[in-house]
Amino acid sequence: MIFIARNDGVHRTTVRNANLTKNQIGNVQWHNEREKESYVNQDIVPERTPLNVHFKTPSGSYQEIFDAMVEEKTISTRGLKADACLFGELIFDVNSAYFHNHGGYEYARQFYADAYQAAVDIVGGEQYILSAVMHADERNRAMSEALGQDVYHYHLHVVYIPVVEKQILWSKRCKDKSLVGTVKETIMQVSSSKKWLSKPALDKAGNPLLQKNGKPVLKKSYSVLQDDFYQHMRAAPARQRRPPMPPKRK
């Protein structure tokens, strides 16, 4: 996961999403929280691990927090298959040269503090974020060798629970027939697929774009994610203290 500036000299930023199952989340936690004794990635510098910044520190293991939220009925796994994706991970990333040229560690920490607030909005609330940590201990080998000095690749991992609001209606089996079809309860349903559904594309006036057959033009959810992140960062309060926001990576 090493990026350097392209030959055109332009810096670029991106946010990626990964959908994760119960069986996958342990490895993600070990990597993000630096819980392993050794790493295959030789560019991780353990002496710098204390410089990693938690914008939200997990109160236990990711799975333990998830299970507690189910028990407390903060979230619902109703109807999910055994192999369903219960977790998501947003990875906010900018090529190493951007931070190296604009203040290094302190600037990266400020930048990703703003990015974390973008993540809160994207996820739908801080209560659904399990951990958010900026890694400052991964060396960019290519840039370091090219410049003759250590250059580090700063990036942000945000592990969250993908939820959507779902209304449960009274069924026809309800004894009070006046309630049938009305809302019985509203739950926060865990669902990666529904969280990342494609959305209608809009024109500059905010109206839906239509195909020739009259059907709406759909914009992939991950494209919407890039746009949401970019617009949030441009509007962030700290923007006056930052150099121009890098364009989105295509």
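Structure shown above.
Here's a quick rundown of the structure. (Residues numbered from 1 in each chain as written. Predicted model: local features only at pLDDT ≥ 70, side-chain atom pairs only at ≥ 80, totals over all residues. Heavy atoms only, no water.)

Things to note about the nonpolar core
Filter applied, for reference: Here the nonpolar core consists of buried residues drawn from Ala, Val, Leu, Ile, Met, Phe, Trp, Tyr and Cys, with membership extended through side-chain atoms lying within 4.5 Å. Think of it in three bands: with a 1.4 Å probe and only protein chains considered, a residue is buried below 20% of the maximum accessible area for its type, exposed above 50%, and partly exposed in between. Each helix is a run of H or I in the DSSP string that is no shorter than four residues. Each strand is a run of E no shorter than two, and both are numbered from the N terminus. Pairs of residues are marked as contacts when any of their non-hydrogen atoms sit within 4.5 Å.
Of all hydrophobic cores here, the largest spans 50 residues; its most connected members are Leu90, Phe92, Phe99, Phe111, Tyr112, Met134 and Tyr154. With twelve residues, helix 4 (residues 104-123) is the largest single contributor of residues to this core. Residue contacts for Met134: discarding those within four places in its chain leaves Asn52, Val53, Phe55, Tyr105, Ala108, Arg109, Tyr112, Tyr154, His155 and Leu156.

Description of helix 2 (residues 62-71)
Filter applied, for reference: Each C-beta atom gives one direction from the helix axis, and the arc is the one those directions make.
Within the sequence span of helix 2, burial applies to Tyr62, Gln63, Ile65, Phe66 and Met69. For helix 2, the angular spread of the buried residues around the axis is 160°, confining them to a single face. In this structure, helix 2 carries Glu64 and Glu71 as exposed residues pointing more than 90 degrees from its buried face. Where the residues of helix 2 are buried, they touch helix 1 (25-32), strand 3 (85-94), strand 4 (129-135), strand 5 (155-160) and strand 7 (183-190).

Focus on the sheet that holds strand 2 (residues 53-56)
Cut-off, in case you're wondering: Should DSSP find at least two bridges between two strands, the strands are regarded as paired. Throughout, an axis means a line fitted to C-alpha atoms (over the contacting stretch in the case of helices), and angles, computed between N-to-C directions, take values from 0 to 180 degrees.
If you walk across this open sheet you meet the five strands as 1-3-5-4-2, and the pairing is antiparallel. At either margin of the open sheet sits one strand with a lone partner, and together these are strand 1 (13-21) and strand 2. With strand direction ignored, the average angle separating the axes of adjacent strands in the sheet is 15°. Judged from the six bridges that link them, strand 4 and strand 5 form a sheet pairing that is antiparallel. Each bridged residue has a counterpart across the sheet, and for Ile129 the counterpart in strand 5 is Tyr160. Packing of helix 7 (residues 221-235) onto the sheet brings it into contact with strand 1 and strand 3, and relative to strand 1 it is tilted by some 130°.

Re the pattern of salt bridges
Note the following rule: Every case where a carboxyl oxygen of Asp or Glu lies within 4 Å of a side-chain nitrogen of Lys or Arg is listed as a salt bridge.
Inspection of every chain in the model, using the stated rule, returns seven salt bridges. Taking the shortest distance from any N to any O, the salt bridge between Asp43 and Arg141 comes out at 3.1 Å. Placement of Asp43 in the loop between helix 1 and strand 2 and of Arg141 in helix 5 (residues 141-147) is noted, with a sequence separation of 98 residues between them. Overall, the relative accessible area of 12% leaves Asp43 in the buried class. When its relative accessible area of 38% is taken as the criterion, Arg141 is described as partly exposed. Notably, a salt bridge pairs Asp150 with Arg139, separated by 2.8 Å at the nearest N-O pair.

What is shown is where atoms sit, not what they do.
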